[in-house]
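Letter by letter, the chains look like this.
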Amino acid sequence: MVSEVEWNKLLDNDISIHESCNIFTHEFLKVTESCIPKKEVIIRSNDKIWFNSNLRKEIRKRDRFRKIFKKNKSMTNEKKFKNQRNRVNNLKKQIKQNFYENINENLNELKQTNSRVYWKIINSLLKEDRSSNDIPPMQNPSNNFEFSYDAKEKVDILNRYFCSIASLDANNTKVPDFDDRDDMIGLSRMFADDTSIGHTAPDETTLQSMINIDLQNINSWANDWLVKFNPNKTNIMLFSNKNSKK
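On a predicted model such as this, the values are computed, not experimentally measured, just so you know. (Residues numbered from 1 in each chain as written. Predicted model: local features only at pLDDT ≥ 70, side-chain atom pairs only at ≥ 80, totals over all residues. Heavy atoms only, no water.)

A. Structural view of helix H2 (residues 17-35). Here H2 spans 27 Å end to end across 19 residues, near enough to the 27 Å set by a 1.5 Å rise per residue. Along H2, the positions that sit buried rather than exposed are Ser20, Glu27, Val31 and Thr32. Angular distribution of buried residues about the axis of H2 spans 140°; they occupy a single face of the element. For H2, the exposed residues lying more than 90 degrees away from the buried face are His18, Asn22 and Glu33. (Helix = DSSP H or I, 4+ residues; strand = E, 2+ residues; numbered from the N terminus. Expected span 1.5 Å × (residues − 1). Buried < 20%, exposed > 50% of the residue type's maximum accessible area, 1.4 Å probe, protein only. Arc of directions from axis to C-beta.)

Structure, rendered in C-alpha cells:
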C-alpha cells in the first residue's frame, strides 16, 4: 500500500517543508487505517466483578436523571432521580447476592471448561478483597474445599489450620481467666497493638511509685498470657503546669 502512493507528485519541490510533512502524515495515516485492524475496547475500571449489562444500563439512566436534576431542581426531576437511585441500589444488592450465592457452582464448572475465565474471576475476587480489611475468599477443607466468604467461616478455617501445625503441647495447660483488670492504678488505653497508661500525682516520687506498681501488674498479666512487651519501644511523657527546675 505504501509503495502504491505516488510520493513524487505529492511532495512537490515548490511547497514548503511544513506542507510536505502534513501531506506525508495524511497519506501515511490513510494507509495505516486501511491496513491495520482496529478494535474497540470499553474500559470499565470501576466495575465490580458481579456487574452486568442491565445494572450498567440502570446506572447510566440514574446519571442522566442526576444531570437533569442539577440543571433544573424541580420536584419532578428530584423524584425521578431519587427513584432511579433507589432502584440502582436495590439492584446492586440483588445482583451481588445472586452472584455470590451461585459462585461456587460457577467456579467449579469454569475450572473444568474455561480456566482463563476461572482465574480471571479468582484474581478479581482477590483484588476486590484487598481493597478492604476483609480476608480474601478461602477454600474450606471441611466442606469439599468450596470457597468460604463469611468472615466467621474464614476465621474458623485459619484457626483449624494453625492448630493443626502448632508444635506446642497445650493439652494439660490451664488457660488463665480472661477478666477485666481491676488492679491497675492508672488509666489504661489500647489502640491496635499499642498500650498506654496515664497517671496523675502531686509529685514525681508518688508518680514513679504508681507507675512501678502498674508495670508489675502488666508484667504478671503478660507472663500468664505468654505476651511480651518491648521496653525499647516504651516512652514516658510528663505533663505539668509548673516549669521544671534547672
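There's plenty left to go through after this.
B. Local environment of the packing of helix H3 (residues 53-71) against helix H4 (residues 75-101). At a closest axis distance of 9 Å, the pairing of H3 and H4 adopts a crossing angle of 155°. When the interaxial angle is binned, H3 and H4 end up roughly antiparallel. Once H3 is placed against H4, the crossing between them reads as left-handed. Seen from H3, the contacting residues are Asn54, Leu55, Glu58, Ile59, Lys61, Arg62, Phe65, Arg66, Ile68 and Phe69; seen from H4, they are Asn77, Glu78, Lys80, Phe81, Gln84, Arg85, Arg87, Val88, Leu91, Lys92 and Ile95. Taken together, the residues of the contact of H3 with H4 break down into nine nonpolar, three polar and nine charged. (Axes fitted to C-alpha atoms, helices over the stretch in contact; angles between N-to-C directions. Parallel < 35°, antiparallel > 145°, perpendicular 65-115°, else oblique. Left-handed = near helix turned anticlockwise from the far one by under 90°. Contact = heavy atoms within 4.5 Å. Nonpolar A, V, L, I, M, F, W, Y, C, P; charged D, E, K, R; others polar.)

C. Up close: the confidence of the model for the chain. Looking at the chain, the pLDDT average stands at 77 and 75% of residues meet or exceed 70. Per-element confidence in the chain ranges from a low mean pLDDT of 64 for helix H1 (residues 7-10) to a high of 91 for H3. (pLDDT = per-residue confidence, 0-100.)

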